Protein chains: 6
Amino acid sequence: MLRLATPGFLRFGQSDTLTATFGGGEANVAVSLANFGIPVEFVTRLPKNDLGTACMMELRKFGVCTDHVVWGGERLGIYFLETGAVSRGSKVIYDRANSSASGIQPGMVDWADVFDGAGWFHWTGITPAISQSAADVCLEAIQKANDMDITVSCDLNYRKNLWKYGRKASEVMPELVARTDIILGNEEDAAMVLGIHPEGVDVTAGHVDAAAYESVSRQIMNRFPRCKKVITTLRGSVNANHNSWSGVLWDGEKRYEAPIYQITHIVDRVGGGDSFMGGLIYGFLTWPGDDRKALHFAVAASCLKHTIYGDFNRVTVDEVLKLMEGDASGRVSR
Amino acid sequence: MLRLATPGFLRFGQSDTLTATFGGGEANVAVSLANFGIPVEFVTRLPKNDLGTACMMELRKFGVCTDHVVWGGERLGIYFLETGAVSRGSKVIYDRANSSASGIQPGMVDWADVFDGAGWFHWTGITPAISQSAADVCLEAIQKANDMDITVSCDLNYRKNLWKYGRKASEVMPELVARTDIILGNEEDAAMVLGIHPEGVDVTAGHVDAAAYESVSRQIMNRFPRCKKVITTLRGSVNANHNSWSGVLWDGEKRYEAPIYQITHIVDRVGGGDSFMGGLIYGFLTWPGDDRKALHFAVAASCLKHTIYGDFNRVTVDEVLKLMEGDASGRVSR
Amino acid sequence: MLRLATPGFLRFGQSDTLTATFGGGEANVAVSLANFGIPVEFVTRLPKNDLGTACMMELRKFGVCTDHVVWGGERLGIYFLETGAVSRGSKVIYDRANSSASGIQPGMVDWADVFDGAGWFHWTGITPAISQSAADVCLEAIQKANDMDITVSCDLNYRKNLWKYGRKASEVMPELVARTDIILGNEEDAAMVLGIHPEGVDVTAGHVDAAAYESVSRQIMNRFPRCKKVITTLRGSVNANHNSWSGVLWDGEKRYEAPIYQITHIVDRVGGGDSFMGGLIYGFLTWPGDDRKALHFAVAASCLKHTIYGDFNRVTVDEVLKLMEGDASGRVSR
Amino acid sequence: MLRLATPGFLRFGQSDTLTATFGGGEANVAVSLANFGIPVEFVTRLPKNDLGTACMMELRKFGVCTDHVVWGGERLGIYFLETGAVSRGSKVIYDRANSSASGIQPGMVDWADVFDGAGWFHWTGITPAISQSAADVCLEAIQKANDMDITVSCDLNYRKNLWKYGRKASEVMPELVARTDIILGNEEDAAMVLGIHPEGVDVTAGHVDAAAYESVSRQIMNRFPRCKKVITTLRGSVNANHNSWSGVLWDGEKRYEAPIYQITHIVDRVGGGDSFMGGLIYGFLTWPGDDRKALHFAVAASCLKHTIYGDFNRVTVDEVLKLMEGDASGRVSR
Amino acid sequence: MLRLATPGFLRFGQSDTLTATFGGGEANVAVSLANFGIPVEFVTRLPKNDLGTACMMELRKFGVCTDHVVWGGERLGIYFLETGAVSRGSKVIYDRANSSASGIQPGMVDWADVFDGAGWFHWTGITPAISQSAADVCLEAIQKANDMDITVSCDLNYRKNLWKYGRKASEVMPELVARTDIILGNEEDAAMVLGIHPEGVDVTAGHVDAAAYESVSRQIMNRFPRCKKVITTLRGSVNANHNSWSGVLWDGEKRYEAPIYQITHIVDRVGGGDSFMGGLIYGFLTWPGDDRKALHFAVAASCLKHTIYGDFNRVTVDEVLKLMEGDASGRVSR
Amino acid sequence: MLRLATPGFLRFGQSDTLTATFGGGEANVAVSLANFGIPVEFVTRLPKNDLGTACMMELRKFGVCTDHVVWGGERLGIYFLETGAVSRGSKVIYDRANSSASGIQPGMVDWADVFDGAGWFHWTGITPAISQSAADVCLEAIQKANDMDITVSCDLNYRKNLWKYGRKASEVMPELVARTDIILGNEEDAAMVLGIHPEGVDVTAGHVDAAAYESVSRQIMNRFPRCKKVITTLRGSVNANHNSWSGVLWDGEKRYEAPIYQITHIVDRVGGGDSFMGGLIYGFLTWPGDDRKALHFAVAASCLKHTIYGDFNRVTVDEVLKLMEGDASGRVSR
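Throughout, a residue's number is its position along its own chain's written sequence, starting from 1. Each chain takes a letter, starting from A, and each ligand takes a number, starting from 1, following the order in which they are written. With the structure being a predicted model, the display of local features is reserved for residues of pLDDT at least 70 and the display and counting of side-chain atom pairs for 80 or more, all residues being used for whole-chain, interface and lining totals. Excluding hydrogens and water, the side-chain values take into account all heavy atoms of the structure.

Undergrad: Quick one: what's the story with the overall build of chain A, residue by residue and with numbers?
TA: A tally of regular secondary structure across chain A gives 11 helices and 13 strands. Its C-alpha radius of gyration of 19 Å places chain A within 12% of the 20 Å reference for a compact globule of 334 residues. Principal axes of the C-alpha set define a box for chain A whose edges measure 50 × 50 × 40 Å. With a 1.4 Å probe rolled over the protein chains alone, any residue whose accessible area is under 20% of its type maximum counts as buried; one over 50% counts as exposed, and the rest are partly exposed. Here chain A holds 334 residues, and the buried ones make up 64% of them. A run of H or I in DSSP counts as a helix once it spans at least four residues, and a run of E counts as a strand once it spans at least two, with each numbered from the N terminus. C-alpha atoms define the radius of gyration, and 2.2 Å times the number of residues to the power 0.38 defines the globule rule.

Rendered as structure tokens:
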């Protein structure tokens, strides 16, 4: 997807240049993993024009395999971004309708070939939101992954401005989620996508407490027995420049909480959740059995993402580990 | 329409910034006329988001009235532009499908109100090319203009990469052209849109001669009796930086030819034809009966357009007159 | 007025590009109102050259009517801006002497025509500061507004680096203020322009308290019986990036205080006071009788201004209302 | 003087950034000479603000001595530049009225001290054009130079948009020119400043021939007996991107002509004449008695100037000599 | 290699930004081939820091395999580029001493592994010029290629500012050239590298004629019997913006000449020779036996390179074929 | 030294432009002093190419004398800078090996001539770190300064990524420090360069207290009897955008502490220590005997440096005094 952003903090209509980069939920996760040294492939459909090619080349630059990209369709999806400041939030204008990706159809991808030798498949709630056929392809892929005993993870990623093709998230998503092993989301995602709300929790308090997340996680795991872990990102929006950031993980028995980072001078928060997911998958793959470490890695990785321009998280494992180990001082390395 | 261009001569995929301006055939003509001091209104359909608003504001900046803009639909049409050099031509990628403009429907515009007090209506072959409903609205407007005795002009403007909704230009355009008083085009337009080719002319010669244009013009006027003048732009493409530029006008009896300009260091040729049309309408309105002067003004105005970045022709009447009077020396004014 | 600013936080002499936008006290108020949907006209004098024209076009872009602009004089006023950071304050270099605006003369504007159908006239202390003739025109306009029963507001806006033509603010301003209905200022303005100081207040305390403002407001209303409301902006300068921001309003009987906003990552504070005034006028016009709401709207509108580059406040009514209603979280809208 | 130019070929009002550099007739000559290794001092009056300081620092960067700059006055003179293309000429908007330089007064500069050890004084027709007092200071300096047996040169440099303080060039200049040893100008300068026209020459021919220059030069030398050489720059404006360029020198007995350069892709022609003068003075100082070489050096140096952005000619003696020796191929040096 | 260029036509010291891209003789050839769809690998040594990584990522973006890059050493080689105009040539400042590439040592690369499955090996005269060990590695690779029956090509590419480690090109290169099958160069290369000059040719004529190239080619093939084809690029430097461009090929029996292109508005000529080589190899691989077509493809491909910014030739096979087929008009594709 | 920085907060590899400025420890001190009005000369060795010349010109712009610069060697040292944010620290990649400066040799500089009329000599630990010969020249200069009774100051400035020529800081530095009168450093410098650690201090506490600095200072003065004052900069790294900043001075008898500044929105922290030293030397020269004032001036000056882009501290004495006097509010000056 092409991201066209006004420079600095300029509003739409205030700048006659736009910064053009590429991004999108699943691509962002793929780049995170590639940067951490994990072999990764990104599957999508791109138009056979110079913009589609440039998008593919950008992914290839990071070492993301693009061999199974399906070429076709009319246009590359676009989103326009205006970056907010203080009490003025950022704005996103989606222009993804009729994109090549939304026109993907079951049968276009040879998933058996894609998954040959793979151990993990990740999807997000963005894909089933853009068209029925994309939702169908998503299900097709998940089923094949299930068949091949590949771990499936998802980021619920509810976006109210998508889901315009006539079906609701709550109608489409459960079937997909039911076949998923690892679920990432936040309270809003759980409510809007799965209709799950915290129980026995006083949400009128100023801040939602950890118990709320445990309640939601328990309900998810009860409803979707395949699910082994539910992870929630915790974002506190002090203002557009300053967020707090953390996450909790529930493995069905135990709740792990990560430290809370104060991100006082955000450079770019778009892609924050995706970088969390990238860190999480890296952690699960690298330290199997140490969910606490995986969670901490995910939070630290995505904390760093907020300091990096663009959708992609351009950090190394060493940089994340340094932050996990407590060095958040931002000293000059020289 | 939003125009997103790579800076300088960079290729698509080579730049992470794009220059964002607004343009489009009819808008370009409107801005030309506004710059020449002619009261002008631009009617289109724009999405009710920050991009649609910015587009409207840009037109308003030039004094183009936008009171009858129809607000609605999903997206602003986009075209991506890569500027060529020497033997590498410029490239345009259209991304206009499903734009707000293409979704315009008959009845959305109160043409009687639009035309109240107006003397001229201009349309181009771009509009009927984008959707059936846009073609219908175009016809609706032309009919109303005919009813109200308003002069109607058109630029045939054939674009092979549009016309994708199932009908051909040759099926749709004749009905519209038949109700038009002043027709601008070039040989390719005549052939592709009207199926009219030069007669008794040896086109195997190196350059198409003026007689060819007369033959085509005669045929157009025979077929479309309402038509009073046919004007043809003459572009000689030495290379992407250097074009020759002129035009001829046939009024049914006499052929007027304008001087040929050598534009040796083109800044931006997109919108060249539209600036010609803007100059022509200005000329017809300002010097009625002096078609020769109108033609010369149109050629000089559009010659200057090639030296100006963006779709719009930002020149004054005085600047065009100075060039018409022979001062092409480009001396510093200080 | 042309605003030429060094990019980012660069100092004068450190950058070979300058960002060129337009602004100025009254123009900023006009643009605020136009953005809020209020029909508004801006009257000034501009030079008949490409810079004056560009300034007019920029206003027209926002829908500000410029029909009564007087064309003439030698030059467009300029101010140079260097944006500070932390403990280094921003710097402004005025270059407004002998501008077209300063050369405006009584009789050049047909105020009766300007005010035809108008309900409000706003002026600022900048205009009488630049030349005697500008002060005369200001008085001329105010008198006509009084005659036509149009509400008159002013922003005292004391600038020590203006007032160079031989008369002091305290000599010129009282006559103008005496004919004004709504007065905006701060403690320094009151002291320097009107010679009014807080009474019975211990100003040696760390912060000037609200009582001080009430005392000053009472004195203003006693001295200028026409005045119906006195409003004061409250800016706390933590440092160049972080200000607190609020306002108080005294209607002769009651003091209204707005919430205090912490603007922790200022994008551009120039024009903050003007955006306050724009919000205030909008509020008075929209919710007559609800001064509290008008004040809150003004404070919220101008709080948002601090997040927007340039002199103009590019926000909508909805955005201001959202902040007024308490959502200062700066979350992404997507 | 501050030069504010739109980037690329953008028109005024089309760009929200301006390129800020420094320049001006005499400063440009000074920088040329400093770049050639000649000790040189620039005397002017600058405002004591950050813009004046930046201007001084820029000159100091090139090694131009600024020890006798007079600090005072209100503002730095400005000129706005829009760069033309093909048949659209560049535009200059002067904003120099009331500059610090125009406010310079006789007695402010200790010319005896300035000229101590100096061998050459250069002035241009710009200085006496901006104010009576500047003309007076110019005369003061020339007289002192005459007294101290310092060679005096001038560039007549007629600018119709200056000379606004009530006197004409033809009233002021002759007294100054009469005390000058070396005079640079072109036919228009001679006519407008000195009232001298070519005699016995058919100027109706397409191009002014060399004889015309000789006639004018002879008349100048007859009228101003102190004058030892008259030099004329020859610019042929094919269009705004392509000029031909050369010069002729008359020493009272013999006419020297330089080769004609075709400058087919001009980068920046502003300052071309000043760079000619800088080259000429360098040549006279370096090769006394070899006027032909000095003239050729001047033409080659200023030919190169057209390829360099900004007012200043950033070339070395070696680069000029290489071109003089015939290598105009523009090959890569690596 | 990192290329740091001043923007536009600015001189060194005139810009405080530099455009950073990557390039270098062999890398440029590799990217050309990758763009044409040929599987290609680039072998070099890069420093293990963020600059070395960025260089590798850029190559990977084009699909160039970088699996055998040797990581180590201190620094990435740099060259600084100032782009000339008209009679001012471009300047290159090399800063390649002690680069990682120059520190490459025999044994660091497993050439047998690199060449596994390969059909072609290309080297240039740049590599043996930077250090003795780099020359040794070059020989090592060529010998292995010879052993494995891989076609070897070279571009003689003489650069006088390299060759600083104590040996001359004429001492080092012949041994390498002797093992090479296809040799690209120009007259200067032949003279400086191989000591071969045209025989029986009057070089005092204005232009070196084709016979000169045949003479040189014959001598090369006589001296190096392995050599099967000698190709010469023909550049005519009208000025820095306008070059003519062509090439000739001698296969030992017949001389093929390509059309001469007039490149009148060069965008970037650096990498022109490399793009020629890339086109040539593509042609030899694609149309074996049709040397004429290969030569024409090479000339057309490199002609297009002159219109593209940066070292790399970003063109497709279709674009080259279109130009070969005679369409040099640079029309807009839309 | 050339500083090449990615713009904004972009990472290496994320930007295709780099911002090019000049800087380096000693040069930064020199520019600080020149800006404060102190006559100052900078002695180094620069390559005789356009980059070396540009570096010299930049210093000359500030009025730093460069008359004793030694011209020669191969290259200008470079450092690449990536600016961090929040918990991601800035990164510096040094590329200084084999620079002209590192190739400086004893005897190349006529120190007696340099020091003629001088009162102060400052060196930093960077110089002896880059090569043995540079260390030798440093010693040569210090000895001559000692001989001529010139005050010698140093900034220990330990950089672990330099010191690569085979000797350790602890082997080279003591001989130089022993001849120095005023020593600036921090705890890490003292430990790594001099092997001096705080005594009797519990460093396990969260923050190093002032006693630690006194202990280190005492040890330094005991070991180096020539030393008269030891000054320590105190930087608290809250994160990459927010540092606290102060300093302490020990004169052998008394400890002076400066206020602590919270620099909450750092623009550029590189050169912070150098600007401290510049302020300190200015203070010692201006207010001899008032070490407290000198220290406060140094801290305030370097606090302001953190708000200024580039290595150089572009502030005036008045600006520093204003901050010293307590005005850290960053209000607009207009």
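So that's the structure; there's more coming.
Undergrad: For the sheet that holds strand β1 (residues 2-5) of chain D, give the residues involved together with the corresponding values.
TA: Taking strand neighbours across the sheet as the criterion, the eight strands line up as β6(C)-β5(C)-β1(C)-β2(C)-β2(D)-β1(D)-β5(D)-β6(D) in an open arrangement whose pairing is mixed. Of all the strands in the sheet, just β6 (91-95) of chain C together with β6 (91-95) of chain D have a single pairing partner and so form its edges. Each strand axis lies, on average, 25 degrees off the axis of its neighbour in the sheet, ignoring direction. Here, a strand pair is defined by DSSP locating no fewer than two bridges between the strands. Inspection of the sheet shows strand β1 (residues 2-5) of chain C paired to strand β5 (residues 78-82) of chain C by four bridges, in the parallel sense. Within β5 of chain C, the residue paired with R3 of chain C across the bridge is Y79 of chain C. By definition in these notes, contact holds between two residues if any of their heavy atoms fall within 4.5 Å. What counts as an axis is a line fitted to C-alpha atoms, over the stretch in contact for a helix, and the angles between N-to-C directions run from 0 to 180 degrees. On top of the sheet, helix α2 (residues 50-61) of chain C reaches β2 (17-22) of chain C together with β5 (78-82) and β6 of chain D; it is set at about 60 degrees to β2 of chain C, its chief contact.

Undergrad: Could you give me a rundown of the pairing of strand β11 (residues 243-250) of chain C, with the residues and numbers involved?
TA: Residues and elements named next belong to chain C. Within β11, eight of the eight residues are buried, leaving the element largely enclosed by the surrounding structure. Side chains N243, W245, G247 and L249 project from β11 onto one buried face, and the interleaved S244, S246, V248 and W250 project onto a second face that is buried too. As judged from the eight bridges shared by strand β10 (residues 229-237) and β11, these two strands associate in the antiparallel manner. Along β11, the bridge assignment pairs L234 with S246. Where β10 folds back on β11, the antiparallel hairpin that results is connected by five residues. In this sheet, strand β13 (residues 261-263) lies alongside β11 in antiparallel orientation, the contact comprising three bridges. Counterpart to S244 in the pairing with β13 is Q262. The pairing of β11 with strand β12 (residues 255-257) spans three bridges and is antiparallel. When the bridges of β12 are listed, V248 appears paired with E257. Counted along the chain from β11 to the antiparallel partner β12, the turn is four residues long, and its residue G252 has a positive phi close to 100 degrees.

Undergrad: Requested: an account of the interface of chain E and chain D, with residues and values cited.
TA: Listed by partner, the interface residues are 26 residues for chain E and 23 residues for chain D. Counting each side, the surface lost to burial between chain E and chain D is near 2,200 Å², with a carbon and sulfur contribution of 51%. Buried area: the accessible area, evaluated with a 1.4 Å probe, that two parts lose upon being put together, summed over both parts. When the area that chain E buries against chain D is broken down by residue, the three leading residues are R11, V86 and S87 of chain E, summing to 25%. Any carboxyl oxygen of Asp or Glu within 4 Å of a side-chain nitrogen of Lys or Arg constitutes a salt bridge here. Counting every contact that joins chain E to chain D gives one salt bridge. Residue R11 of chain E is joined to E319 of chain D by a salt bridge in which the shortest nitrogen-to-oxygen separation is 2.6 Å. In the analysis that follows, any N or O atom pair within 3.5 Å is treated as a polar contact, provided that within protein one partner can donate a hydrogen and the other can accept it, and provided that, for residues neighboring in sequence, both atoms belong to side chains. Where chain E touches chain D, the interface holds eight residue pairs in polar contact (both at pLDDT 80 or more). Tallying contributions element by element places strand β6 (residues 91-95) of chain E first for the side of chain E that touches chain D, with three residues. For the side of chain E that touches chain D, the per-class residue count stands at nine nonpolar, 11 polar and six charged. Amino acids outside the nonpolar list (Ala, Val, Leu, Ile, Met, Phe, Trp, Tyr, Cys, Pro) and the charged list (Asp, Glu, Lys, Arg) are all regarded as polar, and Gly is one of them.

Undergrad: Provide a residue-level description of the pattern of salt bridges, including the pertinent values.
TA: If you walk through the whole model with that rule in mind, you get 108 salt bridges over all chains. A salt bridge links R75 of chain A to D95 of chain A; its shortest N-O distance comes to 3.2 Å. Residue R75 of chain A is located in the loop between β4 (70-71) and β5 (78-82), and its partner D95 of chain A is located in strand β6 (residues 91-95); the two are separated by 20 residues in the primary sequence. Among the ionic contacts, a cluster of salt bridges with common partners joins R11, E82 and R88 of chain A together with E319 of chain C.

Undergrad: So what's going on with the interface of chain A and chain F? Residues and values would help.
TA: Counting from both sides, the interface comprises 23 residues of chain A and, opposite them, 26 residues of chain F. Buried surface at the junction of chain A and chain F, summed over both partners, amounts to about 2,200 Å²; 50% is from carbon and sulfur atoms. Contact with chain F buries surface across chain A, with H265, V332 and R334 of chain A losing the most and accounting together for 35% of the total. There are eight residue pairs in polar contact (both at pLDDT 80 or more) connecting chain A and chain F. Across the side of chain A that touches chain F, the residue classes break down as 10 nonpolar, seven polar and six charged.

Undergrad: Can you tell me about the sheet that holds strand β5 (residues 78-82) of chain E, naming the residues and giving the values?
TA: Pairing in this open sheet of eight strands is mixed, and the strands run β6(E)-β5(E)-β1(E)-β2(E)-β2(F)-β1(F)-β5(F)-β6(F) from one edge to the other. Taken across any chain shown, the strands that pair with only one partner, and hence form the sheet edges, are β6 of chain E together with β6 (91-95) of chain F. Taken over all neighbouring pairs, the strand axes of this sheet differ in orientation by 25 degrees on average, direction set aside. Contacting β5 and β6 of chain E together with β2 (17-22) of chain F, helix α2 (residues 50-61) of chain F runs over the sheet at an angle of about 60 degrees to β2 of chain F.

Undergrad: Explain the nonpolar core to me, and be specific about the residues and the numbers.
TA: As used here, the term nonpolar core means buried Ala, Val, Leu, Ile, Met, Phe, Trp, Tyr and Cys residues forming a set that is joined through side-chain atoms within 4.5 Å. Judged by nonpolar contacts, the single largest core of 185 residues is most densely connected at F80 of chain C, F80 of chain D together with F121 and W123 of chain F. Aside from chain neighbours lying at most four places away, what touches F80 of chain C is L4, F12, L18, K91, V92, I93 and D95 of chain C together with L2, L51 and I78 of chain D. Core analysis: the next-biggest nonpolar cluster, separate from the first, contains 184 residues, F22 and L76 of chain E together with V69 and I78 of chain F among them.

Undergrad: Describe the relation of the copies chain E and chain D, naming the residues involved and giving the relevant values.
TA: Overlay of chain E on chain D (RMSD 0.0 Å): rotation 120 degrees, translation along the axis 0.0 Å. Between the two chains, the operation in question is that of a three-fold axis. Closest to the rotation axis within chain E is the C-alpha of H265 of chain E, separated from it by 4.8 Å. A low fraction, 8%, of the interface residues of chain E reappear at the interface in chain D, so the copies pair through non-equivalent surfaces. A least-squares superposition brings the copies together, and it is based on the C-alpha atoms of residues with pLDDT no lower than 70 in both.

Undergrad: Talk me through the relation of the copies chain A and chain F; I want residue IDs and the actual numbers.
TA: Mapping chain A onto chain F calls for a screw motion: a turn of 120 degrees about the axis and a shift of 0.0 Å along it, with 0.0 Å RMSD after fitting. Little of the interface of chain A is mirrored in chain F: 9% of its interface residues are interface residues there too.

Undergrad: Kindly report on the pairing of strand β7 (residues 120-124) of chain E, identifying the contributing residues and their values.
TA: All names here are of chain E. For β7, the tally of buried residues reaches four of five residues, placing the bulk of the element in the interior. Pairing of β7 with strand β8 (residues 151-155), which is carried by five bridges, proceeds in the parallel orientation. Counterpart to H122 in the pairing with β8 is S153.

Undergrad: Before we move on, can you summarise the packing of helix α6 (residues 169-177) of chain E against helix α7 (residues 187-194) of chain E with the specific residues and values?
TA: Residue and element names in this part refer to chain E. Following both chains from N to C, one finds α6 and α7 inclined at 105 degrees, their axes separated by 7 Å at the closest point. The orientation of α6 with respect to α7, classified from their angle, is roughly perpendicular. When α6 is examined against α7, the residues A169, S170, M173, P174 and V177 are found in contact with a partner set consisting of M192, V193 and L194. Counted by class, the contact of α6 with α7 contains seven nonpolar, one polar and no charged residues. Roughly parallel refers to an angle under 35 degrees, roughly antiparallel to one over 145, roughly perpendicular to one between 65 and 115, and oblique to any angle outside these ranges.

Undergrad: Explain the environment of R11 of chain F to me, using residue names and the numbers behind them.
TA: Mapped onto the elements, R11 of chain F comes out in the loop between β1 (2-5) and β2. Through-space distance from the C-alpha of R11 of chain F to that of K91 of chain F is 9.1 Å; in sequence the pair is 80 residues apart. Among residues more than four places away in sequence, those in contact with R11 of chain F are I308, R314, V315 and E319 of chain A together with T6, E82, R88 and K91 of chain F. Of note is the side chain of R11 of chain F, whose polar atom sits 2.6 Å from the side chain of E319 of chain A.

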